[in-house]
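Single-letter residue listing:
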Amino acid sequence: MNQKMLKYLLLQGILFISLICYSQNRMGSISGRVTDSKSQPIETALVLLKGTNISEYTNESGEYRLMNVPIGNRTVIIRGVGLKEKSINITVLAGRTTHIPDVEIDNTLELSAITVTGKTEARKQQEQAYAITVLDGKKLYNSSASVSKLLNNISSVRVREDGGVGSGYSFNLNGFTGKQVKFFLDGVPMDNFGSSFNLSNISISMADRIDIYKGVLPVNLGADALGGAVNIIPRKVANYLDASYSIGSFNTHKASLNTAYTDSKTGFTMRLNGFFNYSDNDYKVFVPIIDLATNKKIDERNVNRFNDNYRSGGVRFETGLTGKSYADYLLLGLIWSKNDANVQTGATMDAVYGGVKAKSQSMIPSIRWKKENLFVEGLSASLYGAYSMVDSYSIDTLSRKYNWLGESVPTSTHGEGINTDSKIKNKEWIANANISYMLDMHQSLTLNHVFTANNRKIHDKVDPDNESNKIPQKLSKNITGLGWLLKYDQWNANIFAKMYNLHSTSTKILDRFTDNERLENLKENKMEIGYGAAFTYFILPKLQAKLSYEHAYRLPESNEMFGDGLIQQANPDLEPEQSDNVNLGFIFEQNIQDHTFNIEINGIYRNTKDFIRKGVSLTSNPTTGYENIGKVRTTGIEGGVNYKWKKMIAAGANITYQNIKDKQKYETNGSYVGSDQIEHLTYGERVPNIPYLFGNANLGLRFQDLATQQSELSIDYSFDWLKGYYLSFPGLGARSSKKIIPSQASHDVSVGYSLENGKYNIALECTNITDKRLYDNYRLQKPGRAFNLKFRYFINW
């Protein structure tokens with residue numbers, strides 16, 4: 001840690017502690033219990049502090065606790081569906097918890113006389129200043145689709161898959177892609193989880209909801225995201241069991257198990273999330289057929305993939321204590337996951353493999369701790385620590401050449417692509433510390449620090465004497481953020497600053513393919529300062545405006561700099577990318593009797609420097625790699641509309657347009673006579689290989705108590721559309737010669753039936769009904785028409 005960074009951290013710490021000392025005696029808290037006339041606890045009653053936005057719902061024991069309450073005379077209001085509203089006047093003392101004796105409420109009112117005032121957690125999230133969309137997981141538990149596919153229905157989101165189950169994917173959000181968008185599991189970064197525990201493998205049934213941030217992030221997430229993030233919020237139910245199994249086309253099998261147990265007396269808890277996936281992935285693709293004797297193309301036809309089997313499994317387990325004086329929770333955890341994949345193609349389907357394999361295994365022990373009102377009222381702290389051990393294997397040693405008919409001939413060289421039998425060992429320490437403090441009923445501070453240290457070693461049995469593999473590759477990051485939240489009934493704002501620090505050690509080959517070719521050790525130290533603010537204002541009770549700005553940085557990840565040892569090439573010269581991001585949006589929601597309308601529109605502006613882009617080399621053995629583009633400017637707009645009628649009909653549609661252009665006007669060219677700068681040939685061109693116009697639509701029908709009581713029949717339809725785009729810059733050469741990812745549309749439909757309020761469930765899905773050729777990436781065809789049948793059992797106790 002350098003001296004400049006140390007001074008910055010000390011200054012933030014002194015400021016934070018000073019503010020706590022200044023305001024620690026200005027806050028208190030309120031606790032109590034709500035019961036009915038028979039002294040039985042009332043669950044989900046709304047308890048709120050009059051004149052403020054401080055509120056809480058009672059738990060299953062009828063208990064509640066209001067935190068960070070300003071001192072003085074206050075009025076507590078209790079209300080809810082079927083409850084007669086009651087008010088209690090109390091005096092809140094500094095630094096103390098004021099306990100209200102049991103409040104008995106009449107719960108015999110007719111429901112027609114009650115107006116429901118409570119808000120769902122998803123709605124509360126959307127009322128923040130951040131540009132955020134919330135995917136409600138509870139409505140999707142019967143779906144057999146992966147989390148990545150479900151996220152593809154969100155405006156501004158495009159998940160680009162290389163193929164079928166277990167294939168590689170790239171997450172695109174408002175023009176940013178790959179590692180520019182960060183992923184979290186309950187606020188914990190997923191960067192170090194490995195390839196087997198990711199969005200394409202885990203089941204939606206483990207999530208209560210998924211928050212998609214489309215710009216500025218909360219400081220407590222503590223990440224170097226360039227322009228967005230996805231946070232998966234696990235289910236918080238204390239005691240439940242959710243098990244499912246699905247079988248589908250291409251010999252696809254998926255199973256998941258999610259359960260939790262909590263002893264309300266001792267606070268002991270156990271939580272388990274598990275998944276298993278398998279598929280032959282032998283769907284048909286339209287490809288060129290090569291005569292192996294002449295190496296010439298015979299024709300193009302539909303054939304089955306023959307070397308694309310995929311298997312993955314994983315478990316996330318946590319156990320510990322909750323509700324203690326020293327901890328709201330203290331949990332020890334372990335994540336274990338593994339996958340095995342046959343690799344059918346290279347970067348495009350022009351390279352076909354018959355013996356290439358890839359696999360990985362992850363083991364991640366962890367500890368989590370959190371405490372509200374630590375030492376003083378209003379002070380909250382949390383810690384997360386983990387040690388990640390991820391081993392990745394790439395095997396390509398077969399001395400044969402294949403075509404798409406599964407035919408092969410021997411070759412004089414080893415390896416179908418690059419001849420490797422390598423093992424990459426990634427070991428990483430992760431620590432995340434977060435402190436927040438309520439200065440008063442309207443203001444709070446948050447201080448967050450994230451530290452990661454990655455050590456990567458490579459051993460290749462094919463090339464054990466490779467000098468570059470003998471030198472460990474190291475990458476460490478320190479990211480510190482300080483945020484100030486202002487929150488009032490009609491508006492709230494968040495102002496923040498972040499410091500980014502990166503240190504890397506790697507190697508680079510200089511003067512390649514010359515007599516002077518040599519290996520050079522590289523060390524890099526970089527530090528940057530970012531800042532921003534987010535603001536929201538309710539113009540009308542149902543009309544909300546949001547505005548945010550951020551000067552953000554993203555530090556390169558280890559896999560971008562060091563490669564994957566197979567298809568993706570290394571680039572140790574990658575620079576951190578930076579961006580000035582602006583989001584402006586409006587949300588309108590209207591309820592008219594049984595009808596609910598929701599309209600959302602957002603505009604984006606991104607001015608990015610050293611933009612990191614994934615490219616594809618169209619050689620006889622195509623590869624990929626990451627490179628910096630000097631300047632990129634993104635402007636765009638997204639819009640969506642949703643409609644609901646009672647619980648019977650739900651419909652929605654959204655569309656996204658994003659114009660991403662290369663704005664690097666000049667580039668350095670030391671060999672250019674008379675000048676060290678020349679005009680950049682692609683200045684003003686749309687950045688290729690990124691979708692720019694796409695949309696989704698959906699319609700859902702629900703029929704209650706059909707055939708039997710406490711049952712539900714569901715029918716769902718979804719439509720996905722994408723405008724075609726170029727693989728390379730369209731302005732270079734004749735457009736007729738350009739490679740394109742074609743325009744395409746797909747349709748999915750599902751029918752489900754549940755019994756006993758969702759205890760027993762069955763669902764049948766059909767994806768890509770019209771059996772169209774679908775591509776997210778150039779010449780990497782996705783599956784055609786597929787069917788899946790899912791069985792699910794759920795119990796809550």
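Residues numbered from 1 in each chain as written. Predicted model: local features only at pLDDT ≥ 70, side-chain atom pairs only at ≥ 80, totals over all residues. Heavy atoms only, no water.

*Asks:* I'd like a rundown of the overall build of the chain, residues and numbers included.
*Replies:* Helix and strand content of the chain: five helices and 48 strands. Its C-alpha atoms give the chain a radius of gyration of 28 Å, within 12% of the compact-globule value 28 Å for 797 residues. Within the span of the chain, comprising 797 residues, buried residues form 51% of the whole. Taking the intrachain contacts of the chain between residues at least 6 apart in sequence as the baseline, contacts between residues at least 24 apart amount to 65%. Summed over its atoms, the accessible surface of the chain is roughly 36300 Å², and 55% of this surface lies on carbon and sulfur atoms. When the 90 basic and 80 acidic side-chain charges of the chain are each reduced to a single mean position, those positions are 2 Å apart. (Helix = DSSP H or I, 4+ residues; strand = E, 2+ residues; numbered from the N terminus. Rg over C-alpha atoms; globule rule 2.2 N^0.38 Å. Buried < 20%, exposed > 50% of the residue type's maximum accessible area, 1.4 Å probe, protein only. Contact = heavy atoms within 4.5 Å. Areas by Shrake-Rupley, 256 points an atom, 1.4 Å probe, with all protein chains shown as cover. Lys, Arg positive; Asp, Glu negative; His and termini not counted. Charge placed at Lys NZ, Arg CZ, Asp CG, Glu CD.)

*Asks:* Just give me the short version of the packing of aromatic side chains, but keep the residues and values in it.
*Replies:* Counted under the stated rule, the structure contains 16 aromatic pairs. An angle of 85 degrees between the planes, with centres 5.1 Å apart, marks the rings of phenylalanine 171 and phenylalanine 183 as edge-to-face. On the criterion of sequence distance, the pair formed by phenylalanine 171 in strand S11 (residues 169–173) and phenylalanine 183 in strand S13 (residues 182–185) is long-range, its members being 12 residues apart. With relative accessibility at 13%, the residue phenylalanine 183 sits in the buried group. Pairwise contacts between aromatic rings join Phe193, Phe197 and Phe275 into one cluster. Between lysine 359 and the ring centre of tyrosine 393, over which it is positioned, the NZ or CZ distance is 5.2 Å. The positively charged end of arginine 773 is found above the aromatic ring belonging to phenylalanine 286, 3.9 Å away from the centroid. (Phe/Tyr/Trp six-rings, centres within 6.5 Å; stacked < 30°, edge-to-face > 60°. Lys NZ or Arg CZ within 6 Å of the ring centre and 35° of its normal.)

*Asks:* An account of the nonpolar core is needed here, citing residue identities and associated values.
*Replies:* Within soluble globular proteins, side chains that are nonpolar tend to cluster in buried spots. Ranked by internal contacts, the top residues of the largest apolar core, which has 40 residues, are Leu151, Phe171, Ile210 and Ile212. The residues contacting phenylalanine 171, other than those within four sequence positions of it, are Leu151, Val157, Arg158, Val159, Phe176, Thr177, Gly178, Val181, Phe183, Leu199 and Val230. Counting residues in each nonpolar core, the second largest holds 20 residues, with Ile30, Leu49, Val92 and Val103 among its members. (Core = buried A, V, L, I, M, F, W, Y, C linked by side-chain atoms within 4.5 Å.)

*Asks:* Give a description of the pattern of salt bridges that names residues and reports values.
*Replies:* Evaluation of the coordinates by the stated rule reveals 29 salt bridges. Where aspartate 748 meets lysine 149, a salt bridge forms, and the shortest distance between an N and an O atom there is 3.5 Å. One end of the pair, aspartate 748, is in strand S44 (residues 744–755); the other, lysine 149, is in helix H3 (residues 147–151), with 599 residues separating them in the sequence. One salt bridge connects arginine 316 with glutamate 318, and the closest N-O pair in it is separated by 3.6 Å. Summarising the burial analysis for this pair, arginine 316 and glutamate 318 share the class buried. (Salt bridge = Lys/Arg side-chain N within 4 Å of Asp/Glu carboxyl O.)

*Asks:* Tell me about the pairing of strand S2 (residues 46–49), and name the residues and values.
*Replies:* Judged by which residues are buried, S2 turns out to be covered on both faces: Leu46 and Leu48 on one side and Val47 and Leu49 on the other are all buried. In the sheet, S2 pairs with strand S3 (residues 55–57) via three bridges, with the strands oriented antiparallel. Bridge assignment links valine 47 to a residue of S3, and that residue is glutamate 56. Connecting S2 to the antiparallel partner S3 that follows it, the hairpin turn spans five residues, and glycine 51 within it adopts a positive phi of roughly 80 degrees. Pairing geometry for S2 and strand S5 (residues 72–79), over four bridges, is antiparallel. (Pairing = 2+ DSSP bridges.)

*Asks:* So, the sheet that holds S5: which residues are in play, and what are the values?
*Replies:* Reading across from one edge, S3-S2-S5-S6 is the order of the four strands in this open sheet, with antiparallel pairing throughout. Either end of the sheet is taken by a strand with one partner, and the two such strands are S3 and strand S6 (86–92). Strand-to-strand twist of the sheet, defined as the mean angle between neighbouring strand axes without regard to direction, takes the value 20 degrees. Pairing between S5 and S6: seven bridges, direction antiparallel. (Axes fitted to C-alpha atoms, helices over the stretch in contact; angles between N-to-C directions.)

*Asks:* So what's going on with the sheet that holds strand S9 (residues 132–136)? Which residues, and what values?
*Replies:* Spatial strand order, S9-S15-S16-S13-S14: five strands in an open sheet with mixed pairing. Unpaired on one side and paired on the other, S9 and strand S14 (188–189) mark the two borders of the sheet.

*Asks:* Run through the environment of aspartate 299, naming residues and quoting values.
*Replies:* In this structure, aspartate 299 sits in strand S21 (residues 296–304). Residue classification places aspartate 299 among the partly exposed positions, given a relative accessible area of 29%. Those residues in contact with aspartate 299 that lie beyond four places of it in its chain are Val287, Pro288 and Ile289. Reaching out from aspartate 299, the side chain makes a polar contact with the side chain of arginine 301 at a distance of 3.1 Å. (Polar contact = N/O pair within 3.5 Å; in protein donor to acceptor, adjacent residues only side chain to side chain.)

*Asks:* Can you lay out the environment of valine 181 for me, pointing to particular residues and giving the numbers?
*Replies:* The topology assignment puts valine 181 in the loop between strand S12 (176–177) and S13. Non-local contacts of valine 181, meaning those with residues more than four positions away in its chain, are made with Phe171, Leu173, Phe176, Gly228 and Ala229.

*Asks:* Explain a nonpolar patch on the surface to me, using residue names and the numbers behind them.
*Replies:* Residues Phe535, Tyr537, Ile539, Leu540, Leu547, Leu584, Phe586, Ile601, Ile637 and Tyr657 make up a contiguous nonpolar surface patch of roughly 840 Å² in combined accessible area. Broken down by secondary-structure element, the contributors of at least two residues to the nonpolar patch are strand S32 (518–540) and strand S34 (577–592). Counting residues per element, the nonpolar patch draws most heavily on S32, at four residues. Tracing the backbone through its elements, the reader meets leucine 547 in strand S33 (residues 543–554). (Patch = residues over 30% accessible without salt bridge, like charges linked within 9 Å, V, L, I, M, F, W, Y side chains within 5 Å.)

*Asks:* Tell me about the side chain of glutamate 161, and name the residues and values.
*Replies:* Following the sequence through the fold, glutamate 161 ends up in strand S10 (residues 157–161). Buried and unpaired, glutamate 161 has lysine 782 as its nearest opposite-charge partner, separated by 4.0 Å. Glutamate 161 has contacts with Ser146, Ser148, Ser167, Gly168, Tyr169, Asp776, Asn777 and Lys782, leaving out every residue within four places of it along the chain.

*Asks:* Give a detailed account of the side chain of aspartate 391, specifying residues and quantitative values.
*Replies:* Within the secondary structure, aspartate 391 is located in strand S25 (residues 379–396). Side chain to side chain, aspartate 391 and lysine 425 meet in a polar contact 3.5 Å long. Those residues in contact with aspartate 391 that sit more than four places away from it in its chain are Lys359, Ser360, Gln361, Lys423, Ile424 and Lys425.

*Asks:* Explain a positive patch on the surface residue by residue, including any values.
*Replies:* Residues Lys427, Lys457, Lys474 and Lys523 make up a contiguous surface patch of positive charge. Inspection of the secondary structure assignment puts lysine 474 in strand S30 (residues 473–487). Accessibility expressed as a relative area gives 39% for lysine 474, which makes it partly exposed.

*Asks:* Please provide a residue-by-residue account of the pairing of strand S22 (residues 310–324), values included.
*Replies:* The pairing of strand S19 (residues 268–279) with S22 spans 12 bridges and is classified as antiparallel. Note on S22: the bridge partner recorded for methionine 270 is threonine 319. Where S22 meets strand S23 (residues 327–345), 14 bridges bridge the pair, whose relative direction is antiparallel. Pairing of arginine 316 across the sheet is with isoleucine 335, part of S23.

*Asks:* Describe unusual backbone geometry, with residues and values.
*Replies:* Although it is not a glycine, phenylalanine 375 sits at a positive phi angle of roughly 70 degrees. Locating phenylalanine 375 in the fold gives a position in the loop between strand S24 (352–371) and S25. For phenylalanine 375, a relative accessible area of 78% translates into the label exposed. The backbone of aspartate 705 shows a phi angle near 50 degrees, a positive value even though the residue is not glycine. Within the element layout of this structure, aspartate 705 appears in the loop between strand S40 (693–704) and strand S41 (712–722).

*Asks:* Explain the environment of lysine 236 to me, and be specific about the residues and the numbers.
*Replies:* In this fold, lysine 236 is placed in the loop between strand S16 (229–234) and strand S17 (240–248). With 368 residues separating them in the primary sequence, lysine 236 and isoleucine 604 have C-alpha atoms 34 Å apart. A distance of 3.2 Å separates polar atoms of two side chains, one belonging to lysine 236 and the other to aspartate 186.

From the geometry alone we can't say anything about function, so treat these as descriptive.
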